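Each chain is listed here by its residues.
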Amino acid sequence: MEDLIPVTIITGFLGAGKTTLLNRILTEEHGQKIAVIENEFGEESIDNDLLVQSEDEEIITMNNGCICCTIRGDLAENLIRLMERKKEGKANFDRVIIETTGLADPGPVAQTFFMDEEVAQFYMVDGVITVVDAVNGPRTLDEQAPAQAQVGFADRILLSKVDLVPPSVIEDLSDRLHHMNPRAPIVECNMGNVDIKEVLDIRGFNLDSVLELDPDFLKEAHEEGEHHHHHKDGCTCGCHDHHDHDHDDHCECGDHDHDHCECGHHHHHARHDDEIAAFVFESDRPFDPARLDNYMRTLTQVYGPDMLRYKGVLYMTGTDRKMIFQGVHMLMAADLGKPWGDTTPSTKMVFIGRRLPKKAIMQGLETCLA
């Protein structure tokens, strides 16, 4: 794993500040040579002042020694071509950053590193960084499904343009993002001004890393489950008819339409209509490996396109070690971790997805317990 080139995927909706962040990374004195792959090359591209055109129209060399590759074909082909150039001494880079188009679901980009064996021989995903615009973010999340998917995939969320909105807007947006993806830390970022450590080497896809999850989310998730306060597209009944449920997300004054009704009460549930939602499965009973494997394969066949990210530390029969597990859409990976030692064995899994039937999945996982 140490010999693999780490890859950072930067995503975010149109105008969120991806390129500003990228320019910041490339101009900072961090001593690393970075290859940049862009699939959106035009007005939103890297600042032309940083670029020097080479003879190869697809490869651009920057004045700090980094290189940029514009996508004119399959991502895997571009990655392999870059590695060939590195082996030939025509390109020098320590890591790769991929900037996705603002309308893209980052899932297929991440899947490339699971599916293509040749790519997997040379590269590993370090993490998905999602940039969210504090000014336009709330409306974008309301109106654009790709923006929600980008949040769901994130290993880290950078909140940009926070200097242009009042603290109350930042607080509400951060709360919303946390409910959509509780495993992704949120970092405020103005004009790409963020510590490089918040972007690179975050090990978001590392199977040896500990499951990142806010303990408060676990408590809140259980409380909401007891009272059936859920997203309209993620009800607990396990069905897909998401429009016939009462959510009691209104005040006694009868105002159903606003986060703040006339009586002055603040309604967090009013924003719980996001397609992307997260939930947690916990158990102190071990899984039966064969049953869990069969169930997860069936689950991903049915819901794979809507299962954005899922990750967990599993308690399994037949071993005294932790099983570290994660997946992207239909693709899963698992590896044995450290022994439980003095820690009481237990399972903690987080699922982040689009309109996933929480209750049905939770019940299915229960049937896999030994």
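Bear in mind that the values here come from a model prediction, so they are computed numbers and not experimental data. (Residues numbered from 1 in each chain as written. Predicted model: local features only at pLDDT ≥ 70, side-chain atom pairs only at ≥ 80, totals over all residues. Heavy atoms only, no water.)

Visitor: Please provide a residue-by-residue account of the overall build of the protein chain, values included.
Guide: The helix and strand tally for the protein chain stands at 10 helices and 14 strands. The proportion of buried residues among the 370 residues of the protein chain is 52%. Restricting the contact set of the protein chain to residue pairs at least 6 apart, pairs at least 24 apart contribute 73%. Split by element, the accessible area of the protein chain, about 17500 Å² in all, is 47% carbon and sulfur. (Helix = DSSP H or I, 4+ residues; strand = E, 2+ residues; numbered from the N terminus. Buried < 20%, exposed > 50% of the residue type's maximum accessible area, 1.4 Å probe, protein only. Contact = heavy atoms within 4.5 Å. Areas by Shrake-Rupley, 256 points an atom, 1.4 Å probe, with all protein chains shown as cover.)

Visitor: Describe the confidence of the model for the protein chain, naming the residues involved and giving the relevant values.
Guide: Across the protein chain, the average pLDDT comes to 76, with 72% of residues at or above 70. Taken as a whole, residues 41-57 scores under 50 in pLDDT and shows 37 contacts with residues more than four places along the chain or in a different chain. In this model, residues 220-272 is a region of pLDDT below 50 whose contacts with residues beyond four sequence positions or in other chains number 84 contacts. (pLDDT = per-residue confidence, 0-100.)

Visitor: Can you lay out the sheet that holds strand 14 (residues 347-354) for me, pointing to particular residues and giving the numbers?
Guide: As summarised here, the arrangement of the 5 strands in space is 10-14-11-12-13, forming an open sheet in which the pairing is antiparallel. Two strands lie at the open edges of the sheet, namely strand 10 (276-283) and strand 13 (331-339), each paired on one side alone. Pairs of neighbouring strands in the sheet enclose a mean axial angle of 10 degrees, with direction left out of account. Each of strand 10, strand 11 (307-314), strand 12 (321-328) and strand 14 touches helix 6 (residues 145-153); the most contacted strand, strand 11, lies at about 15 degrees to it. (Pairing = 2+ DSSP bridges. Axes fitted to C-alpha atoms, helices over the stretch in contact; angles between N-to-C directions.)

Visitor: Give me the pairing of strand 2 (residues 34-38): which residues, what numbers.
Guide: The buried fraction of strand 2 is high, at 5 of 5 residues. Burial along strand 2 is two-sided: the face carrying Ile34, Val36 and Glu38 and the face carrying Ala35 and Ile37 are both buried. Bridging between strand 2 and strand 6 (residues 95-99) involves 5 bridges; their strand directions are parallel. Note on strand 6: the bridge partner recorded for isoleucine 34 is arginine 95.

Visitor: Can you break down the side chain of lysine 311 residue by residue, with the values?
Guide: Checked against the element boundaries, lysine 311 lands in strand 11. Here lysine 311 sits buried without a salt bridge, and the closest side chain of opposite charge, aspartate 155, lies 5.5 Å off (N-O distance). A distance of 3.1 Å separates a polar atom in the side chain of lysine 311 from the backbone oxygen of glycine 204. (Lys, Arg positive; Asp, Glu negative; His and termini not counted. Salt bridge = Lys/Arg side-chain N within 4 Å of Asp/Glu carboxyl O. Polar contact = N/O pair within 3.5 Å; in protein donor to acceptor, adjacent residues only side chain to side chain.)

Visitor: Could you give an account of the pairing of strand 14, naming the residues involved and the relevant values?
Guide: A regular strand places its side chains on the two faces of the sheet in alternate fashion. The buried fraction of strand 14 amounts to 7 of the 8 residues, a majority that puts the element mostly inside the structure. Where strand 10 lies against strand 14, 8 bridges are found, and the strand directions are antiparallel. Bridged to isoleucine 276 within strand 14 is arginine 354.

Visitor: So what's going on with the nonpolar core? Residues and values would help.
Guide: Grouped together as the largest cluster of nonpolar side chains are 49 residues, with contacts concentrated most on Val96 and Tyr123. When residues in this core are grouped by element, the largest group, 6 residues, is from helix 2 (residues 75-87). Once residues lying within four places of it in the same chain are set aside, the contact partners of tyrosine 123 are Leu4, Ile5, Val7, Leu79, Leu82, Met83, Phe93, Val96 and Phe113. Ranked by size, the runner-up nonpolar core spans 21 residues in total, among them Met307, Phe325, Leu365 and Cys368. (Core = buried A, V, L, I, M, F, W, Y, C linked by side-chain atoms within 4.5 Å.)

Visitor: Lay out the packing of aromatic side chains with the relevant residues and their values.
Guide: The final tally for this structure, using the stated rule, is 6 aromatic pairs. On the numbers, 6.5 Å between centres and 75 degrees between planes, the contact of phenylalanine 113 with tyrosine 123 is edge-to-face. With phenylalanine 113 in helix 3 (residues 107-115) and tyrosine 123 in strand 7 (residues 123-133), the pair connects residues that are 10 residues apart, well separated along the chain. For the residue pair phenylalanine 113 and tyrosine 123, the accessibility class agrees, reading buried in each case. Their ring planes at 25 degrees and their centres at 5.9 Å tell us that phenylalanine 281 and phenylalanine 287 sit as a pair that is stacked. The same class applies to phenylalanine 281 as to phenylalanine 287, namely buried. Over the ring of phenylalanine 93 we find lysine 86; its NZ or CZ atom is 5.0 Å from the centre of that ring. (Phe/Tyr/Trp six-rings, centres within 6.5 Å; stacked < 30°, edge-to-face > 60°. Lys NZ or Arg CZ within 6 Å of the ring centre and 35° of its normal.)

Visitor: Report on the environment of methionine 296, specifying residues and quantitative values.
Guide: On the secondary structure map, methionine 296 appears in helix 9 (residues 289-303). Assessed through its relative accessible area of 3%, methionine 296 is described here as buried. Taking the C-alpha atoms as reference, methionine 296 lies 9.4 Å from methionine 330; in sequence the two are 34 residues apart. Setting aside anything within four residues of it in sequence, one finds methionine 296 in contact with Met307, Tyr310, Phe325, Met332, Phe351 and Leu365.

Visitor: Let's hear about the packing of helix 2 against helix 3: which residues, and what values?
Guide: At their nearest, the axes of helix 2 and helix 3 sit 10 Å apart, and the two run at 55 degrees to each other. Between helix 2 and helix 3, the interaxial angle falls into the category oblique. Of the two elements, helix 2 crosses helix 3, and the hand of that crossing is right-handed. Contacts from Leu75, Ala76 and Leu79 of helix 2 reach helix 3 at Val109, Thr112 and Phe113. Here the residues of the contact of helix 2 with helix 3 are counted per class, giving 5 nonpolar, 1 polar and no charged. (Parallel < 35°, antiparallel > 145°, perpendicular 65-115°, else oblique. Left-handed = near helix turned anticlockwise from the far one by under 90°. Nonpolar A, V, L, I, M, F, W, Y, C, P; charged D, E, K, R; others polar.)

Visitor: Outline the pattern of salt bridges, supporting the account with residue identities and numerical values.
Guide: Enumeration according to the criterion identifies 13 salt bridges in this entry. With a shortest N-O distance of 3.1 Å, lysine 161 and aspartate 133 are connected by a salt bridge. Of this pair, lysine 161 sits in the loop between strand 8 (156-160) and helix 7 (167-180) while aspartate 133 sits in strand 7, placing them 28 residues apart in sequence. Measuring nitrogen to oxygen at the nearest pair gives 3.0 Å for the salt bridge that ties arginine 183 to aspartate 155. With a gap of 28 residues between them, arginine 183 in the loop between helix 7 and strand 9 (186-189) and aspartate 155 in the loop between helix 6 and strand 8 connect regions that are remote in the sequence. Overlapping salt bridges bring together Glu275, Asp306, Arg354 and Arg355 as one network.

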